[in-house]
Amino acid sequence: MSIQKLKWGILGAARVNERLLPAIIESPNSELVAIASRRAGAAKAVLEKYAPHGFIETHSDVRCYDDMDALINDPNVEAIYCPLANEEHANWAIKAINAGKHILIEKPMAITLKDVEAIEAAAIKNKVKVMEGFMYRFHPQHQRVQEIIDSGLIGDVLSVRASFSFLMKSARMYRINRSMADGGGAMWDIGPYAIHSLRWCFQKDGKPAEPVSITAHAKLNEHGADIVTSGVLDFGPDSEGRARFGHFDVSFERSRKSEYEIIGTKGWVKCHAAWVFQNDVPVISWALEDGKYAEERFAPSNHFNLEIEHFSDCVLNNKQPLLTFADAKANCRAIEMVLQAVK
């Protein structure tokens, strides 16, 4: 019995296709049927570079467009992955949605709350599924962290620290050639992960928390893009009147790091690498007030593949995506607060 597959198109030749393009091809309920770029020949080049060995020989019918509108209007494309520049997400997402396409939008969904709301309105009108692409949420290690929190093992969560960074290389300078207000810089690139993880760690009843105020500092370059941003999110007091703060730090000046640590009234738990490669062995650790310490290791798992499989399942079986519009709006609202604090 053959499995029903969602037919995907990729809107853009961005570097993240190194991970997402194979994920679409390898997912059991997904099929790559098209890829587009505005640069002549770029779509074909990306397909040839990142497709798994032997795929092109057996799937020569994958269409490569030099016109992104052509992909959006392709009747064979049912869902679109959008990895374009941050500030382009809203415009192209709404175009795709109005053409009746379901869409997975690389984080951030958009760079203003107004734009996220416009995407939501278009999705409701056209009855399509839309999700913000936080692939890390689909890795089993984060589900385990949440189980530890929910079990009460570390007590009531009062503090979370998230640190995300990588050393900027010349090939990635396009990320910082425009201001924070225009979608450039670390806050819009890796900051969404940091803010998202803080909000999820403070969640209640399955709903990520929202900060009541934010303090932040940043180092800006000549374009007004942040190279480093650090800050504190105040999530307000808990039911006992205890302070709940989330600390974040994102940087393009430091070595690769993607960790978060949660401190409660009885102990702490740490995710050592939120971004993991397919063959990495993920590790979380936890410790309690009585001195008990443990490390838990997980089998290698590809969170990009899991994300694609999840979204395809939501479309094919009319399910609610794990990451909702309410979550996307709250994350964007928090980042806007960070930008205002920096300003």
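Located above this text is the structure these notes cover.
Here we summarise the structure given alongside this text.

Conventions and cut-offs
- Residues numbered from 1 in each chain as written.
- Predicted model: local features only at pLDDT ≥ 70, side-chain atom pairs only at ≥ 80, totals over all residues.
- Heavy atoms only, no water.
- Core = buried A, V, L, I, M, F, W, Y, C linked by side-chain atoms within 4.5 Å.
- Buried < 20%, exposed > 50% of the residue type's maximum accessible area, 1.4 Å probe, protein only.
- Helix = DSSP H or I, 4+ residues; strand = E, 2+ residues; numbered from the N terminus.
- Contact = heavy atoms within 4.5 Å.
- Phe/Tyr/Trp six-rings, centres within 6.5 Å; stacked < 30°, edge-to-face > 60°.
- Expected span 1.5 Å × (residues − 1).
- Polar contact = N/O pair within 3.5 Å; in protein donor to acceptor, adjacent residues only side chain to side chain.

## Let's talk about the nonpolar core
Step number 1: Counting residues in each nonpolar core, the largest one holds 112 residues, and the members touching the most others are L21, I119, V130 and I262.
Step number 2: With seven residues, helix α11 (residues 325–342) is the largest single contributor of residues to this core.
Step number 3: Excluding anything up to four places from it in sequence, L21 contacts I10, L32, I35, V46, L47, Y50 and A51.

## Description of the packing of aromatic side chains
Step number 1: One pass over the structure, following the stated rule, counts 10 aromatic pairs.
Step number 2: Plain terms: the ring middles of F134 and Y193 are 5.8 Å apart, the flat faces sit at 75° to each other, and that makes the pair edge-to-face. Here the residue F134 occupies a position in the loop between β6 (130–133) and α7 (140–151), and Y193 occupies one in helix α9 (residues 191–201), the gap between them amounting to 59 residues.
Step number 3: The class for Y193 is buried, based on a relative accessible area of 7%.

## Considering helix α10 (residues 303–316)
Step number 1: Taking 1.5 Å of rise per residue, the 14 residues of α10 would be expected to cover 20 Å, and the 20 Å separating its terminal C-alpha atoms lies within 8% of that figure.
Step number 2: Within α10, the full set of buried residues consists of H303, F304, N305, E307, I308, F311, S312, C314 and V315.
Step number 3: Packing partners of the buried residues in α10 comprise β1 (6–11), α1 (17–26), β2 (30–36), β5 (102–106) and β6.
Step number 4: A distance of 3.0 Å separates the backbone nitrogen of F304 from a side-chain oxygen at the start of α10, and that oxygen is part of N302.
Step number 5: N318, located one to two residues past α10, shows a positive phi value of around 50°.

## Details of helix α6 (residues 113–126)
Step number 1: The end-to-end C-alpha distance of α6, which contains 14 residues, comes to 20 Å, matching closely the 20 Å that a straight helix rising 1.5 Å per residue would cover.
Step number 2: Those residues of α6 lying buried are L113, V116, I119, E120, A122 and A123.

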